[in-house]
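If you want the building blocks of each chain, they are given just below.
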Amino acid sequence: MIHPMKKKLKAFPAYDPAAIENKWQKKWTSKKIYKTKEDSRKEKFYVLDMFPYPSGEGLHVGHPKGYIATDIVSRFQRMNGKSVLHPMGFDAFGLPAENYALKTQTHPEIGVKKNVARYKKQLEILGFDYDWSREINTTDPAYYRWTQWIFLQLFKKGLAYQSFEPINWCPSCKTGLANEDLEDGRCERCGTPVEKKPLRQWVLKITDYADRLLNDLDAKANDKSILDWPEAIKESQRNWIGKSEGALIQFQISNSKESSNTQRNVEVFSTRPDTLFGVTYVVLAPEHTLVQELLSTVLNRGEVEEYISKAKLETEIERTDAKKDKTGVELKGIKVINPVNKAEIPVWISDYVLADYGTGAVMAVPAHDERDWAFAKKFKLPIKEVIAPLFVSEYSSDAWRSNEPEVIRPTVVCIIKHWSENKYLFLNKKGLADLGKDIVVGVAGGVDGDESYEKAGMREILEETGYKNARFVKSLGNPVVYRYYSKNGNQNRMALLHPLYFELIDGDHVEISEEEKKLHETIWLSEDEIGTYLAGRPFNPIFWERFKGNADAFTDYGMLINSGSFDGKTSAEVKRSITEYAGGSLKTTYKLRDWVFSRQRYWGEPMPLIHCEKCGVVAVPEKDLPVKLPKVTSYEPTGTGESPLVAITKWVNVKCPQCKGKAKRETNTMPQWAGSSWYYLRYMDAKNTKALVSAKNEKYWSPVDLYIGGAEHATRHLIYARFWHKFLFDIGVVSTIEPFKKLQSVGLIMGEDGRKMGKRYGNVVNPDDIVATYGADTLRLYEMFMGPFEQQIAWSTSSMVGSRRFIEKVWKLREKIDENGTTPTTNLAITKSVHRAIKKVTDDIQGLRFNTAISALMIAINEIDANSSIAREHYESILKLLAPFAPHATEELWISLGNKKSIHVSTWPKYDPAQVIDTEITIIVQVNGKVRGSFVVATDCSNADLELKAKSLPETQKWIEGKKVVKVIVVPKRLVNIVVV
RNA sequence: GCCCGGGUGGUGAAAUUGGUAAACACGUAACACUUAAAAUGUUAUCUUCGUAAGGAGUUGUGGGUUCGAUUCCCACCCCGGGCACCA
């Protein structure tokens with residue numbers, strides 16, 4: 001066969017990113033190749049970044065990581081024929097911009113403009129494919145008109161209400177804050193500990209949506225989970241919403257002292273109504289309204305008032321520190337009645353009870369709650385056990401059998417001390433069938449007839465160990481319940497294990513019976529060795545802790561004791577019935593609080609409300625929106641609980657839209673999170689002046705298919721946005737119940753020193769500098785290659801050269817294009833390499849595994865580079881695969897090959913399934929699980945042939961010679977394992 | 001304390017329906033090219049014993065299941081994150 005002479009391409013300039021990147025960015029913009037259209041013939045794909053908050057510091061290399069990922073996905077989807085929406089905008093209202101303005105003495109509007117321009121420039125040099133015609137800015141009146149519109153709808157539906165409750169107040173930022181804006185009791189912005197301050201404020205009723213926000217995290221639609229979100233973020237939201245199901249119980253105040261004619265109750269919320277018989281006192285939060293009402297009848301009024309005022313002075317951090325000592329005061333002279341047993345019990349106030357959770361009052365069950373336990377111990381209040389620990393045998397040989405009757409069996413379990421040494425006597429029980437090994441247990445046995453526990457214990461000690469002289473010291477408390485199946489008795493048993501403590505007086509003992517010997521042998525354990533005993537049975541640790549005097553509240557579920565007719569039932573069984581018996585009702589509460597929506601600051605969306613002297617609070621008519629933020633020269637926060645807007649009388653004083661009488665505008669502004677709670681909708685129809693989004697566009701683009709951003713927004717932006725979206729769904733503005741179908745969090749890029757990248761550590765790497773030295777394509781490639789996308793990784797400028805070398809390798813490979821090879825058959829090996837790369841890169845981009853997609857490309861390039869030439873078609877396929885990652889270099893190469901249209905509007909390559917299947921495969925040969933050799937065979941080689949071949953290898957022979965082959969495991973296409981003895 | 005992630009060479013990491021651990025890349029070393037350096041290329045690079053052939057060990061620790069475990073099970077240690085006096 002005659003080889004055609006290879007016609008090589010003309011010489012081509014060396015790779016110089018500076019010479020091509022800016023050129024292509026301009027061309028792409030002028031040719032509008034990224035212009036987004038609502039094309040009904042095409043499938044849509046909406047890929048979204050969490051839009052940035054433009055600070056004065058500009059972007060560092062960590063910021064674009066997520067943007068690079070969405071850029072790759074959007075280019076990939078476009079090349080796959082989708083109509084792609086990949087927009088960008090800016091979130092610029094709120095404290096950071098305003099505080100920056102105050103510091104630099106420039107109006108926030110000017111600062112924001114400057115910062116946005118800088119951010120845009122930084123983004124542009126990275127070559128992103130944003131359609132800037134849909135850019136939004138939350139501070140633009142044309143945008144916040146719709147933020148105000150949504151607020152008005154919330155107001156009209158009663159979901160925005162005025163409240164005067166004490167809220168979190170940051171004394172440094174001089175504004176009220178939502179719970180979500182706190183970090184460990186401090187202002188998330190400035191780190192100042194927050195105070196509680198009563199304030200007139202607007203609050204959004206997010207709690208109305210608590211259940212849906214929780215349930216829809218796992219909602220199913222069309223047989224698949226509609227929320228493809230990282231489990232960690234879902235879990236954070238579940239924690240934040242904090243649903244707990246319990247009961248409301250009334251404790252009637254007994255009126256023995258005063259002749260009061262109104263019957264008063266203390267209402268408590270508890271998740272453990274099963275412990276009601278163990279309630280020995282009730283605790284109210286110091287702020288509880290009932291406390292003020294009862295004050296006149298309290299005998300120690302002075303003491304109580306003093307405690308209340310002291311509690312008020314505490315910061316939230318001090319108050320909610322779980323580690324601090326419990327404090328409290330009894331309301332002397334006040335008693336309440338436990339509804340289940342009519343016991344008269346005392347009432348206390350303590351700051352460990354939170355006023356704004358549940359009912360602000362708790363029923364204290366010290367035996368079964370750690371906090372109540374600590375409180376009762378400190379104030380010497382009675383502790384009454386009502387839940388016995390309950391264990392079910394975990395061994396299959398004596399597992400509970402549902403078709404057999406259950407018999408209650410009083411039993412004793414003994415801890416026995418040596419007569420002179422610090423050792424304890426146990427039994428080493430031989431061979432439980434399904435354990436195959438011994439376990440260590442205490443001396444134990446059933447109580448016969450009306451025998452006392454002490455007597456039963458002594459009898460068992462004699463029978464099982466032979467020791468004659470045991471002295472009963474004490475009982476170790478209430479029984480523990482153990483359910484198992486007795487093979488001897490052919491019955492399920494509910495053993496009530498009474499723990500007893502004995503000491504041997506001397507070593508005098510007799511031989512134990514042969515029968516007993518077969519079952520176990522006696523064993524002495526020192527305290528160090530006691531661990532083997534603890535592992536023997538699940539209840540052993542409980543007995544031991546009791547013996548050592550370390551036992552505290554038992555907080556698990558179990559079996560009821562000392563609870564009247566409920567005795568013998570499990571916690572789960574009685575939850576409802578005991579609640580009803582107590583006259584209470586089941587109730588669900590949430591940790592999630594309503595969203596404090598007012599900020600007493602200048603730089604935010606004005607609330608479109610008017611306070612009229614006659615009509616009260618009146619909504620600004622929709623036609624008058626937006627209510628523009630007035631331009632002012634002084635916007636310093638007042639600190640009085642009023643916004644600085646109060647001073648702008650020209651703006652504040654208006655006519656009431658209803659009665660035309662005197663009225664004032666609402667001067668509170670919205671929080672930073674308002675604009676970002678719906679911005680993803682605006683991109684769908686950014687220029688619409690009639691609606692926040694047209695129904696048509698909303699239907700076309702919803703929901704967001706892929707949303708990428710930082711995990712730090714898990715319990716703020718992502719909860720708020722879901723809340724607003726659900727509300728907009730309810731009023732018919734949007735068509736989906738969730739806004740973001742797939743969410744992916746970006747792992748932070750840390751500084752080279754491993755610390756968070758930021759000005760304060762002086763470890764900031766500026767992307768502009770990296771682009772100037774290495775080029776945007778290298779930066780993009782490196783950030784995606786660093787490691788798994790969601791993982792936090794330290795930046796390393798020196799590692800970046802690998803990515804640059806890779807692009808240069810691709811660049812140089814252009815010389816090897818064989819222009820004569822008109823069909824892609826130049827080289828079979830290359831064909832396979834390319835098709836494998838197409839498959840892997842395609843799969844990995846879809847799975848957001850960018851690091852392995854790039855490594856697959858590197859492998860392909862290395863394989864191709866080892867050959868002397870490459871077919872043009874293959875080279876172009878590789879360029880296309882690389883195009884989303886390195887858009888500039890690939891475009892330059894693509895166009896240089898004579899292509900007329902941009903590579904970014906070309907079609908993504910398809911792989912031939914036949915080309916990704918191997919015809920030959922390496923089979924591993926193991927002897928006793930250790931790799932001893934390998935051989936190459938055709939993929940379809942039969943198992944018998946594989947075995948034969950494996951055995952005949954000289955490497956194998958060496959290991960099986962003179963041994964007996966017991967077993968041969970053949971795994972087709974993988975390995976042969978020969979087991980010999 | 002509870003709940004989520006995670007722990008693999010000198011470094012970033014790859015590999016999971018259980019089947020050759022360390023792909024790809026950085027770094028390092030030697031060699032080639034060069035007057036020289038850089039760049040580039042070639043080779044080597046988990047640890048350990050051995051001149052070598054070859055052996056042994058190794059995925060946080062300790063057990064278990066299995067012919068075979070980074071992968072599954074049990075217990076524990078460490079790191080990151082969320083919640084936390086939430087009754």
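Described below are features of the structure shown in this document.

Conventions and cut-offs
Residues numbered from 1 in each chain as written. Chains lettered and ligands numbered in written order. Predicted model: local features only at pLDDT ≥ 70, side-chain atom pairs only at ≥ 80, totals over all residues. Heavy atoms only, no water. Helix = DSSP H or I, 4+ residues; strand = E, 2+ residues; numbered from the N terminus. Areas by Shrake-Rupley, 256 points an atom, 1.4 Å probe, with all protein chains shown as cover. Lys, Arg positive; Asp, Glu negative; His and termini not counted. Charge placed at Lys NZ, Arg CZ, Asp CG, Glu CD. Near = heavy atom within 4 Å. Polar contact = N/O pair within 3.5 Å; in protein donor to acceptor, adjacent residues only side chain to side chain. Nonpolar A, V, L, I, M, F, W, Y, C, P; charged D, E, K, R; others polar. Contact = heavy atoms within 4.5 Å. Pairing = 2+ DSSP bridges. Axes fitted to C-alpha atoms, helices over the stretch in contact; angles between N-to-C directions. Expected span 1.5 Å × (residues − 1). Buried < 20%, exposed > 50% of the residue type's maximum accessible area, 1.4 Å probe, protein only. Patch = residues over 30% accessible without salt bridge, like charges linked within 9 Å, V, L, I, M, F, W, Y side chains within 5 Å. Salt bridge = Lys/Arg side-chain N within 4 Å of Asp/Glu carboxyl O. Parallel < 35°, antiparallel > 145°, perpendicular 65-115°, else oblique. Left-handed = near helix turned anticlockwise from the far one by under 90°. Phe/Tyr/Trp six-rings, centres within 6.5 Å; stacked < 30°, edge-to-face > 60°. Lys NZ or Arg CZ within 6 Å of the ring centre and 35° of its normal.

## Digging into the overall build of chain A
Of regular secondary structure, chain A possesses 31 helices and 45 strands. Its C-alpha atoms put chain A at 110 × 105 × 50 Å along the principal axes. As presented, chain A carries roughly 45,100 Å² of accessible surface, and 51% of it is formed by carbon and sulfur atoms. Both charge centroids of chain A, one from 138 positive and one from 125 negative side chains, sit 8 Å from each other.

## What to know about the protein's contact with RNA strand B
Taken together, 55 residues surround RNA strand B, and among them T271, R371, M786, Q791 and N977 come closest. The sugar-phosphate share of atoms of RNA strand B within 4 Å of the protein amounts to 63%. Contact between RNA strand B and S236: a sugar or linking oxygen at 3.4 Å from a side-chain N or O atom of the residue. One nitrogen or oxygen atom from the main chain of M786 is found 2.3 Å from a sugar or linking oxygen belonging to RNA strand B. For the surface near RNA strand B, the element with the most residues is helix α26 (residues 850-865), which contributes 6 residues. For the surface near RNA strand B, a count of residues per class yields 23 nonpolar, 17 polar and 15 charged.

## As for the environment of P788
Mapped onto the secondary structure, P788 falls in the loop between α23 (776-785) and β39 (793-794). For P788 and L848, which are 60 residues apart along the polypeptide, the C-alpha to C-alpha distance reads 8.8 Å. In this structure P788 touches K65, I793 and N851, once residues within four positions along its chain are discounted.

## A word on the sheet that holds strand β6 (residues 166-170)
Across a sheet, paired strands are connected by hydrogen bonds in the backbone, their directions being either parallel or antiparallel. Read from one edge of the open sheet, 3 strands run β7-β6-β10, paired in antiparallel fashion. With partners counted over all chains shown, the strands left at the sheet margins are β7 (175-177) and β10 (195-198), one partner each. Adjacent strand axes in the sheet meet at a mean angle of 60 degrees, parallel and antiparallel pairs treated alike. Where β6 lies against β10, 4 bridges are found, and the strand directions are antiparallel. Its bridge partner being in β10, P166 is matched across the sheet by P198.

## Considerations on α26
If you check α26, its first and last C-alpha atoms are 22 Å apart, about what 16 residues at 1.5 Å a residue would give, namely 22 Å. Of all the residues in α26, the buried ones are F850, N851, A853, I854, A856, L857, M858, A860, I861 and I864. Of the surrounding elements, those touching the buried residues of α26 are α2 (64-79), α23, α24 (801-813), α25 (828-846), β41 (870-871) and α27 (872-882).

## Concerning the sheet that holds strand β31 (residues 595-596)
Overall, antiparallel pairing links the 3 strands, which are arranged β5-β11-β31 in an open sheet. The open sheet terminates on both sides in strands that have one partner only, identified here as β5 (160-163) and β31. Sheet topology places β5 next to strand β11 (residues 201-204); 4 bridges connect them, and they run antiparallel. Within β11, the residue paired with Q162 across the bridge is W202.

## Some details on α27
For α27, the buried fraction is high: 9 of the 11 residues fall into the buried class. Three or more residues of α27 are buried, namely H874, Y875, E876, S877, I878, L879, K880, L881 and L882.

## What to know about the pairing of strand β18 (residues 344-349)
With 5 of 6 residues buried, β18 is to be regarded as a mostly interior element. Bridge analysis of strand β16 (residues 281-284) against β18 gives 3 bridges, and the strand direction is parallel. Across the sheet, V283 pairs through a bridge with W348, a residue of β18. With 5 bridges connecting them, strand β17 (residues 329-337) and β18 associate as antiparallel partners. Residue pairing for β18: E330 is matched across the bridge by W348.

## Considerations on a positive patch on the surface
The grouping of K32, K35, K37, K42 and K687 at the surface amounts to a positive patch. Its location among the elements puts K35 in the loop between α1 (17-31) and β1 (44-49). Take K35: its relative accessible area is 41%, and that puts it in the partly exposed class.

## Side note on the side chain of T890
Positionally, T890 belongs in helix α28 (residues 887-896). Using a relative accessible area of 0% as the deciding quantity, one classes T890 as buried. At a separation of 2.6 Å, a polar atom in the side chain of T890 contacts the main-chain carbonyl oxygen of A886.

## Description of the packing of α24 against α27
For any two helices packed against each other, one specifies the inter-axial angle together with the distance between the axes. Where α24 contacts α27, the two axes come as close as 11 Å, and the packing angle between them is 155 degrees. By the angle between their axes, α24 is roughly antiparallel relative to α27. As for the relative orientation of α24 and α27, their crossing is left-handed in sense. Facing F806, V810, W811 and L813 of α24, the residues of α27 in contact are Y875, L879 and L882. Per-class residue counts for the contact of α24 with α27 are 7 nonpolar, no polar and no charged.

## Considerations on the packing of aromatic side chains
Inspection of every chain in the model, using the stated rule, returns 52 aromatic pairs. Ring centres 6.2 Å apart and planes at 50 degrees place the aromatic pair W595 and W724 in the tilted group. Taken together, the positions of W595 in strand β31 and W724 in helix α21 (residues 717-730) put the pair 129 residues apart, joining distant regions of the chain. Across this residue pair, the class does not change: W595 and W724 are buried. The ring of Y352 is capped by K326, whose NZ or CZ atom sits 5.3 Å from the centre of that ring. The ring of W651 carries R665 above its face, with NZ or CZ at 5.4 Å from the centroid.

## Thoughts on unusual backbone geometry
Cis rather than trans, the peptide bond between L625 and P626 has omega equal to 0 degrees. Along the chain, P626 falls in the loop between β33 (616-619) and α17 (649-652). Residue P703 follows S702 across a cis peptide bond; omega there is -10 degrees. Locating P703 in the fold gives a position in the loop between α20 (695-701) and β36 (704-710). For K342, which is not a glycine, the phi torsion comes out positive at approximately 60 degrees. Phi angles above zero are rare outside glycine, and K973 is one such case at about 70 degrees.

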